[in-house]
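Inside the fold
What follows is the residue order along each chain.
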Amino acid sequence: MDLRESPDATTETSLRSNRLGTLGIVFFVVAAAAPLVGMTGAVPVAIVAGNGAAAPGAYLAVGLTLLLFSVGYAAMSNRVTNTGAFFAYVGRGLGIAPGVGSAFVSLVAYLAVQLAIFGFFGALMASQMESKLHLSWAWWIWALLGWALVLVLSLLSVDVGAKVLGVLMCLEIGSLLLLAVVVLARGGADGVHVGASFAPSNIFAGGFGGGAGIALAFAFASFIGFEATAIYGEESRDPKRTVPRATYLAVIAITVLFALTSFGIVTGLGADKVVDQVATISTVNGTPLADPAAVVFHVADRYVGSWLSTLMSWLVLSSLFAGLLAFQNSAARYFFAMGRAGVLPRALDRTNRPGAPHVASATASVISLVVIVLFAVRGLDPVLNLFYWFSGLAVVAIVIVEALVCVAVIAFFRRARDDRRLWHTLIAPALACVGLLAGLYLLMSRFGLLAGTVADGVDPAAQAWGLNLTGWVLVLLPFAVLVVGIVLGAVRRGGENQDAVRDLVS
């Protein structure tokens, strides 16, 4: 098929516009961050293995870095509003070949994080249903049931998904805010000590190679998905205003939620003894952090009541499902944009009557199905393998692309010279790029701790790097995909079609 002979976009190759407002987009983005999952999974590890009572400050530091990123990102969103998002941003600033490379890396990230959530969702559903309802089904059965429901919802119009996410997110955020407010209002175990959690000297105690680096790495991992605001630009109302607003609001909301709730946990257990308390509460059969979710539930029982911990145990499941739906939409829209651009088969750019990219959604679902079945057949663990491996891969991949976006923003506005706001077009993107590259180093050097891929004899909490073969493959895969994508973009540069030009440089 000659890619130069492609038709212009029609209603069948365009996403339905005017479907999402600012809050609808924010719901998708906050859902992707899965705040309750982060509180039950990442924060306890950041406290014990990281910088202790200053873990909330690590989330604040990362949030501020991503706010700097959002300045240039929002400025660029006035020029690019198609569903290609990073694909289009990097292409507009650095050229088509790097744009194609970033598209493939982003796609790997969204597929990987969805697979990670499928593993966690299946395992948690199996455990919850067996303990509460005495229903003993294998994890992969629950994962496949979730897979089917996510596929159905993704084939409906995107605003239907936003409404579903809205209900789930309100319950989840409400439970976390309630916990934090009650703990802080009651003064915690030994008073409210703001400096212990947010003083810079405490946040960065231990240095980037030690405790601070571990906490910051887990904080970066918790923010994945915030950049998806631009993915919905083509389906939003007034995208040139909606996308920047949604980006700022999403980053601020995630930062406040993570920092405030983790501060509530630290205060509830006592800043001076929080490390020992978290290690004790999460210990199972002599292994600390074996049950990190028990920490949040313990604080909820102590300060609010057992009803809240019970509610949270179910809301974790809804949080995971919300994340599945959010990342399904993200992956589908990347497939859609890459199909419309001619980088992948053009059949991916079809939309159905409700305006959803049904072929792209089905493609993402088929890939997930194959991996879930493969892990089930091989008897691999849904959490230790599927969740940790793919979540580690996803966050490394997305931070690589975020750093490329910063460079692309600077390059674009240096050429265009039609926006003289140095803060928006140069200073903030440059500062964000430095922060993201530092975060990327932390994520890679602590990948063994994030993904559970540590070489024999290595203590991941005390030693950076030290990966086994699986760890090295996962941590280097995004870079390999980036190179392959750049080469593919360069090779096919002469055969691009008008859709490709529109998605990448318009």
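Structure shown above.
To keep things clear, this report deals only with the structure shown in the data block. (Residues numbered from 1 in each chain as written. Predicted model: local features only at pLDDT ≥ 70, side-chain atom pairs only at ≥ 80, totals over all residues. Heavy atoms only, no water.)

A look at the overall build of the chain
When helices and strands are counted, the chain shows 20 helices and zero strands. Burial analysis of the chain (506 residues in total) assigns 59% to the buried set. If you take every contact in the chain between residues at least 6 apart in sequence, the share linking residues at least 24 apart comes to 80%. For the chain, the accessible area works out to roughly 18200 Å², and carbon and sulfur atoms hold 66% of it. (Helix = DSSP H or I, 4+ residues; strand = E, 2+ residues; numbered from the N terminus. Buried < 20%, exposed > 50% of the residue type's maximum accessible area, 1.4 Å probe, protein only. Contact = heavy atoms within 4.5 Å. Areas by Shrake-Rupley, 256 points an atom, 1.4 Å probe, with all protein chains shown as cover.)

Focus on the packing of helix α2 (residues 35–51) against helix α10 (residues 211–222)
Two numbers describe how α2 lies on α10: the axes approach to 7 Å, and their chain directions differ by 165 degrees. Our classification of the angle between α2 and α10 gives roughly antiparallel. Crossing of α2 against α10: the hand is right-handed. Seen from α2, the contacting residues are A42, V45, A46, A49, G50 and N51; seen from α10, they are G211, A212, I214, A215, F218 and S222. The class makeup of the residues in the contact of α2 with α10 is eight nonpolar, four polar and no charged. (Axes fitted to C-alpha atoms, helices over the stretch in contact; angles between N-to-C directions. Parallel < 35°, antiparallel > 145°, perpendicular 65-115°, else oblique. Left-handed = near helix turned anticlockwise from the far one by under 90°. Nonpolar A, V, L, I, M, F, W, Y, C, P; charged D, E, K, R; others polar.)

Here's the deal with the packing of aromatic side chains
Within the structure shown, the criterion is met by 15 aromatic pairs. Where Y59 meets F258, the ring centres are 5.2 Å apart and the plane angle is 0 degrees; that geometry is what we call stacked. Pair noted here: Y59 is in helix α3 (residues 55–77) and F258 is in helix α11 (residues 239–269), with a separation of 199 residues, a long-range link. As far as burial versus exposure is concerned, Y59 and F258 are alike and both buried. Centre to centre, the rings of Y73 and Y89 are 5.0 Å apart; their planes meet at 35 degrees, and the pair counts as tilted. Residue Y73 is located in helix α3, and its partner Y89 is located in helix α4 (residues 86–94); the two are separated by 16 residues in the primary sequence. When its relative accessible area of 1% is taken as the criterion, Y73 is described as buried. Here Y89 falls in the buried class, since its relative accessible area comes to 1%. (Phe/Tyr/Trp six-rings, centres within 6.5 Å; stacked < 30°, edge-to-face > 60°.)

Concerning the layout of surface pockets
Put simply, the second largest pocket is a space of about 310 Å³. What lines the second largest pocket is a set of 17 residues, and nearest its centre among them are V371, F375, F390, L393 and L474. The element that contributes the greatest number of residues to the lining of the second largest pocket is helix α15 (residues 358–378), accounting for five residues. Across the lining of the second largest pocket, the residue classes break down as 15 nonpolar, one polar and one charged. (1 Å grid on protein atoms, 1.4 Å probe; cavity = no way out; pocket = protein on both sides within 12 Å on 5 of 7 lines; lining within 4 Å. Points joined across faces, edges and corners; volume = space filled by probe spheres on them.)

A short note on the side chain of S222
Locating S222 in the fold gives a position in helix α10. Classification of S222 as buried rests on a relative accessible area of 7%. A polar side-chain atom of S222 sits 3.0 Å from the main-chain carbonyl oxygen of F218. Once residues lying within four places of it in the same chain are set aside, the contact partners of S222 are A33, A42, Y59 and F258. (Polar contact = N/O pair within 3.5 Å; in protein donor to acceptor, adjacent residues only side chain to side chain.)

Digging into empty space enclosed by the protein
Tallying each qualifying case throughout the model produces four cavities of 30 Å³ or more. Volume-wise, the second largest cavity comes out at about 40 Å³. Taken together, L66, F220, F223, I224, F226, I398, V399 and E402 make up the lining of the second largest cavity. A per-element tally of the lining of the second largest cavity places helix α16 (residues 382–416) first, with three residues. Residues of the lining of the second largest cavity, tallied by class, amount to seven nonpolar, no polar and one charged.

Details of the environment of L317
Residue placement: L317 occurs in helix α14 (residues 306–340). For the pair formed by L317 and G122, sequence separation is 195 residues and the distance between their alpha carbons is 9.3 Å.

Focus: the nonpolar core
Here is a general trend for soluble globular proteins: nonpolar side chains tend to be buried in one another's company. Grouped together as the largest cluster of nonpolar side chains are 153 residues, with contacts concentrated most on F69, F87, M312, F390, V396 and V405. The leading source of residues in this core is helix α5 (residues 96–133), at 20 residues. If sequence neighbours within four positions are ignored, F69 has contacts with F86, F226, E402, V405, C406, A432 and L436. (Core = buried A, V, L, I, M, F, W, Y, C linked by side-chain atoms within 4.5 Å.)

A look at the environment of T40
With respect to the helices and strands, T40 occurs in helix α2. Among the residues examined, T40 registers a relative accessible area of 4% and is labelled buried. Separated by 276 residues in sequence, T40 and V316 place their C-alpha atoms 8.4 Å apart. Sequence-distant contacts of T40, that is, excluding residues within four places in its chain, are made with P292, A293, V296, F297 and V316. A polar contact of 3.1 Å, which involves the side chain of T40, links it to the backbone oxygen of V37.

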